[in-house]
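The chain contents come next:
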Amino acid sequence: MPLTLSSSAFAEGAKIPERYTRDGKNVSPPLKWSGAPDDTRSFVLVVQDPDAPSGTFGHWAVFNMSPDTQELPEAASGKPGPQALRQATNDFGNAYYDGPQPPVGHGVHHYHFQLAALDTPNLAIPASAGIQRIWQEAQKHLLEQAELVGTYERIR
């Protein structure tokens, strides 16, 4: 069974509810995954917007997650789950989830939630390195990856 990533908040290719955006509560959506390879030693999750005017914009990265992890629940504080989660600094300058906030009138943006199963228990990289750097490092240890894409557009 291949690695799959899903959310009870939105379907593949569907609109991300405002609750999970900076226009709303700015809380991370609930995410679940299954089908990880048997030799998975950790997971990395990143959320990026390749439609941003200045190039790919990083919204969230959680890394060095235990191979037993199968979900990240919705986070009411905007900072997910147990304090043990390692989170990288996003492009807003915060080390937690920051949801969609594309420029008004810029059209529909696509938010790529990407999960990687890795062959290493941890990435020896500082959280301050940023989301793109975390994802690049993860690719060196990739066993399998899954993606969930949600959309959002600001019209006001």
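Treat the numbers as computed from the prediction; the structure is a model and nothing was measured.

Conventions adopted
Residues numbered from 1 in each chain as written. Predicted model: local features only at pLDDT ≥ 70, side-chain atom pairs only at ≥ 80, totals over all residues. Heavy atoms only, no water. Helix = DSSP H or I, 4+ residues; strand = E, 2+ residues; numbered from the N terminus. Rg over C-alpha atoms; globule rule 2.2 N^0.38 Å. Buried < 20%, exposed > 50% of the residue type's maximum accessible area, 1.4 Å probe, protein only. Contact = heavy atoms within 4.5 Å. Phe/Tyr/Trp six-rings, centres within 6.5 Å; stacked < 30°, edge-to-face > 60°. Lys NZ or Arg CZ within 6 Å of the ring centre and 35° of its normal. Arc of directions from axis to C-beta. Salt bridge = Lys/Arg side-chain N within 4 Å of Asp/Glu carboxyl O. Polar contact = N/O pair within 3.5 Å; in protein donor to acceptor, adjacent residues only side chain to side chain. Pairing = 2+ DSSP bridges.

Enquirer: Mind showing me how you'd approach the overall build of the protein here?
Expert: Summing up its helical and strand segments, the protein has 1 helix and 8 strands in all. Seen in sequence order, the protein has helices and strands lined up from the N terminus as β-β-β-β-β-β-β-α-β. In terms of overall dimensions, the protein is globule-like: its C-alpha atoms have a radius of gyration of 15 Å, near the 15 Å expected for 156 residues. When its C-alpha atoms are laid out on the principal axes, the protein stretches across 45 × 30 × 25 Å. By the burial criterion, 47% of the 156 residues in the protein qualify as buried. Pairs at least 24 residues apart make up 74% of the contacts formed inside the protein by residues separated by at least 6 positions.

Enquirer: Where do I start with the packing of aromatic side chains in this structure?
Expert: Taken as a whole, this structure holds 4 aromatic pairs when the rule is applied. When the ring of F57 is compared with that of F92, the centres are 4.8 Å apart and the planes differ by 70°; the resulting orientation is edge-to-face. A residue pair is termed long-range when its members are at least 10 positions apart, and F57 in strand 4 (residues 57–65) and F92 in the loop between strand 6 (86–87) and strand 7 (109–118) qualify at 35 residues. Since its relative accessible area comes to 19%, F57 is described here as buried. Taking the ring centre of F92 as reference, the NZ or CZ of R22 above it sits at 3.7 Å.

Enquirer: In this structure, what is going on with helix 1 (residues 131–139)? I would like to understand it.
Expert: Three- or four-residue spacings in an α-helix give side chains the same orientation, since the helix completes a turn every 3.6 residues. Looking only at helix 1, the buried set comprises I131, I134, W135, E137 and A138. Angular distribution of buried residues about the axis of helix 1 spans 160°; they occupy a single face of the element. Considering only its buried residues, helix 1 is in contact with strand 3 (42–49), strand 4, strand 7 and strand 8 (142–152).

Enquirer: Looking at this model, I keep getting lost on the pattern of salt bridges. Mind explaining?
Expert: A side chain of one charge can pair with a side chain of the opposite charge when the charged atoms of the two come close. The tally for this structure, following the rule as stated, stands at 5 salt bridges. The shortest N-O distance in the salt bridge between R22 and D98 comes to 3.0 Å. One end of the pair, R22, is in the loop between strand 1 (4–6) and strand 2 (31–34); the other, D98, is in the loop between strand 6 and strand 7, and 76 residues separate them in sequence. The salt bridge partner of R154 is D23, with a shortest N-O separation of 3.0 Å. Within this pair, whereas R154 is found in the segment after strand 8, its partner D23 is found in the loop between strand 1 and strand 2, the two being separated by 131 residues in sequence. Owing to a relative accessible area of 18%, R154 belongs among the buried residues under this scheme. Counted as one network, the salt bridges with shared partners bring together R133, E137 and K140.

Enquirer: Would you mind going over unusual backbone geometry with me for this structure?
Expert: Of all residues except glycine, most have a negative phi; of all peptide bonds, most are trans. Unlike most non-glycine residues, N26 shows phi in positive territory, near 60°. Mapped onto the fold, N26 is located in the loop between strand 1 and strand 2. On the accessibility criterion, N26 (15% relative accessible area) is buried. If you check the backbone angles, N64 has positive phi at about 60° while not being a glycine. Checked against the element boundaries, N64 lands in strand 4.

Enquirer: Please explain the side chain of Q114 as it appears in this structure.
Expert: Looking at where Q114 falls in the secondary structure, it is placed in strand 7. For Q114, a relative accessible area of 12% puts it in the buried group. A distance of 3.3 Å separates a polar atom in the side chain of Q114 from a polar atom in the side chain of Q48. Residues within four places of Q114 in sequence aside, it is in contact with L5, V44, L45, V46, Q48, W135, Q145, A146 and E147.

Enquirer: Got a minute to help me understand the sheet that holds strand 5 (residues 71–72) in this structure?
Expert: Within a sheet, adjacent strands bond to each other through the backbone by hydrogen bonds, running parallel or antiparallel. Across the sheet, which stays open at both edges, the 3 strands sit in the order 1-2-5 with antiparallel pairing between neighbours. In this open sheet, the two edge strands, each paired with only one partner strand, are strand 1 and strand 5. As paired strands, strand 2 and strand 5 are joined by 2 bridges and run antiparallel to one another. Its bridge partner being in strand 5, K32 is matched across the sheet by E71.

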